Amino acid sequence: MLSHFGWRIVIGIALLALASACGGSGAAPERSRAGLDGPDVRAALNAIGADRIRQHMATLADDALEGRGLGTPGYEGALRYVETTLKSLGVEPAGEGGGFRQRVPLRNSTVVEDASSMKVTSRAGAKTLAYGVDYLLGGDHLREQVTVENAPVAFVGYGVSAPALGYDDYASAGSLEGKVVAYLSGAPPSLPSNERAYFSSGAVKDAEAVKRGAIGTISFTSPDDPRFRWDVSVATSKQGGYAWVDAQGNPNRGDPALRGSASLNHSGVAALFAGAPTPAADVFAAAAKSTPQAFPLATRVSLVTKSTHTDVESANLVARLEGSDPALKNEHVVY
């Protein structure tokens, strides 16, 4: 019902439950400007009921849709359900060719486990880690195979450089040219919520590392982090990662400068910190206090990442509710 305030509203798949409260007939209601306490708004809010929400949830979560994985028949089934519902609401299609769909070409990159490897070398010798037990690798969207050969490793705390917020792990890191950067997942707890979410992004951390000359990244999590579920990470990794592909066939993820990206289980962290000047336990304690830290590790790493690439056709659904205000209806609020 936000259309009563004069904007065009562009509705995505996630707003299905709310959108269905905005009307149930094929005819679009007559629109007039109204305040938040207007009768149309009250009617729309009253129409948001448990039964309607339960119906959408039950349908989209049904086993028949098999998890709605991208490029699968289950995802196509979910698209059809939402598309049918949007039509029943009488909203205007805003996709391609006069329909609701917007084509999204994707590339799935999946690691070939038995052709990939990670080795950590310390003063005690070389140790080959076990895939799915000690470590996981991220598929490379740009190349079928990339390698890191016996590179030095620098630990850089959370891998966050935010001097304007009074925090910078890289302040004492020194040169990282040709090194692999190891960092903790997440961000300093002292940062404000929005900023903490931003700096927790792996893409942001990788970009910061590449800017400073790193050729690879390794991430790991504090043992007491309640979000850590290695078994879930292993299962998720088998599905591969997705990148959007532009008209020229170029994926929007991946950097040619990065030649490997690993994540570690606790056993992998122990191997990486062998002989380190600061024990891992002290690193975790400092991180919990939002203390910036960076130092070279005593180990070197070698990575081989073999990836398979699969093109996947997917789609967004886009619908539009036009507002009544002559000026504001040319603006769009996108959900």
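If you're wondering where the values come from, they're calculated on a predicted model, not measured in any experiment. (Residues numbered from 1 in each chain as written. Predicted model: local features only at pLDDT ≥ 70, side-chain atom pairs only at ≥ 80, totals over all residues. Heavy atoms only, no water.)

(A) Molecular detail of the overall build of the protein. When helices and strands are counted, the protein shows nine helices and 16 strands. Taking all 335 residues of the protein together, 41% fall into the buried category. In the form shown here, the protein has an accessible surface area of approximately 17,000 Å², with 53% of it arising from carbon and sulfur atoms. (Helix = DSSP H or I, 4+ residues; strand = E, 2+ residues; numbered from the N terminus. Buried < 20%, exposed > 50% of the residue type's maximum accessible area, 1.4 Å probe, protein only. Areas by Shrake-Rupley, 256 points an atom, 1.4 Å probe, with all protein chains shown as cover.)

(B) Layout of the pattern of salt bridges. The full count for this structure, using the stated rule, is 13 salt bridges. The salt bridge partner of E83 is R101, with a shortest N-O separation of 3.2 Å. One end of the pair, E83, is in helix α4 (residues 73–89); the other, R101, is in strand β3 (residues 101–111), and 18 residues separate them in sequence. Classification of R101 by relative accessible area gives partly exposed; the value is 25%. The salt bridge involving R143 is made with D140; its shortest N-O contact spans 2.8 Å. The exposure class assigned to R143 is partly exposed, which follows from its relative accessible area of 22%. (Salt bridge = Lys/Arg side-chain N within 4 Å of Asp/Glu carboxyl O.)

(C) Representation of the environment of I218. Positionally, I218 belongs in strand β11 (residues 216–220). On the basis of relative accessibility, which here comes to 0%, the residue I218 falls in the buried class. Once the C-alpha coordinates of I218 and A262 are considered, the two residues, 44 residues apart in sequence, prove to be 4.7 Å apart. When residues no more than four places from it in sequence are discounted, the contact partners of I218 are M118, V180, V181, A182, Y183, A262, L264, L272 and V301. (Contact = heavy atoms within 4.5 Å.)

(D) Highlighting helix α9 (residues 280–288). All of the buried residues in α9 are A280, V283, F284, A286 and A287. The arc that holds the buried residues of α9, viewed along the axis, is 165°, so those residues lie on one side. Opposite the packed face of α9, turned more than 90 degrees from it, sit the exposed residues A281 and A288. The secondary structure elements touched by the buried residues of α9 are β7 (145–155), β10 (180–184), β11, α8 (266–272) and β14 (295–317). In the segment just after α9, S290 is the residue with positive phi, at about 60°. (Arc of directions from axis to C-beta.)

(E) Examining the packing of helix α3 (residues 50–60) against α4 more closely. Here α3 crosses α4 at 155°, and the two axes come no closer than 10 Å. Overall, the two elements α3 and α4 adopt an arrangement that is roughly antiparallel. Note on element contacts: α4 touches α3 through A78, Y81, V82 and T85, opposite Q55, H56, T59 and L60. Class assignment of the residues belonging to the contact of α3 with α4 gives a composition of four nonpolar, four polar and no charged. (Axes fitted to C-alpha atoms, helices over the stretch in contact; angles between N-to-C directions. Parallel < 35°, antiparallel > 145°, perpendicular 65-115°, else oblique. Nonpolar A, V, L, I, M, F, W, Y, C, P; charged D, E, K, R; others polar.)

(F) Fine view of the pairing of β3. Extensive coverage of β3 is indicated by the burial of eight of its eleven residues. Bridge analysis of β3 against strand β12 (residues 241–244) gives four bridges, and the strand direction is antiparallel. Paired with N108 across the bridge in β12 is Y242. (Pairing = 2+ DSSP bridges.)

(G) Quick look at the packing of aromatic side chains. Under the defined criterion, the tally for this structure stands at eight aromatic pairs. Ring geometry for F220 and F284: centres 6.2 Å apart, planes at 75°, overall edge-to-face. Linking F220 in strand β11 with F284 in helix α9, this pair joins segments that are 64 residues apart in sequence. Classification of F284 by relative accessible area gives buried; the value is 16%. Geometrically, the ring pair formed by F228 and W230 is stacked, given 6.4 Å between the ring centres and 25° between the ring planes. Its relative accessible area of 21% is what places F228 among the partly exposed residues. (Phe/Tyr/Trp six-rings, centres within 6.5 Å; stacked < 30°, edge-to-face > 60°.)

(H) View of the layout of surface pockets. Approximately 1,400 Å³ is the volume attributed to the largest pocket. Along the walls of the largest pocket sit 47 residues, with G138, D206, S219, R253 and S261 positioned nearest its centre. Every element with two or more residues in the lining of the largest pocket is listed here: β3, β6 (135–137), β10, α6 (202–211), β11, α7 (230–237) and β13 (261–264). Top contributing element to the lining of the largest pocket by residue count: α6, with six residues. Along the lines of polarity and charge, the residues of the lining of the largest pocket split into 16 nonpolar, 22 polar and nine charged. (1 Å grid on protein atoms, 1.4 Å probe; cavity = no way out; pocket = protein on both sides within 12 Å on 5 of 7 lines; lining within 4 Å. Points joined across faces, edges and corners; volume = space filled by probe spheres on them.)

(I) Just the nonpolar core, in detail. Formed by 42 residues in total, the largest nonpolar core has its most connected members in M118, F155, I218, F220, L272 and F273. In this structure, L60, A78, V82 and L89 belong to the second largest nonpolar core, which totals 15 residues. (Core = buried A, V, L, I, M, F, W, Y, C linked by side-chain atoms within 4.5 Å.)

(J) Seen up close, the side chain of D225. Of note, D225 is situated in the loop between β11 and α7. Among the residues examined, D225 registers a relative accessible area of 14% and is labelled buried. Here R227 takes part through its side chain, which lies 2.8 Å from a polar atom of the side chain of D225. (Polar contact = N/O pair within 3.5 Å; in protein donor to acceptor, adjacent residues only side chain to side chain.)

No statement about biological role is implied by the geometric values presented.
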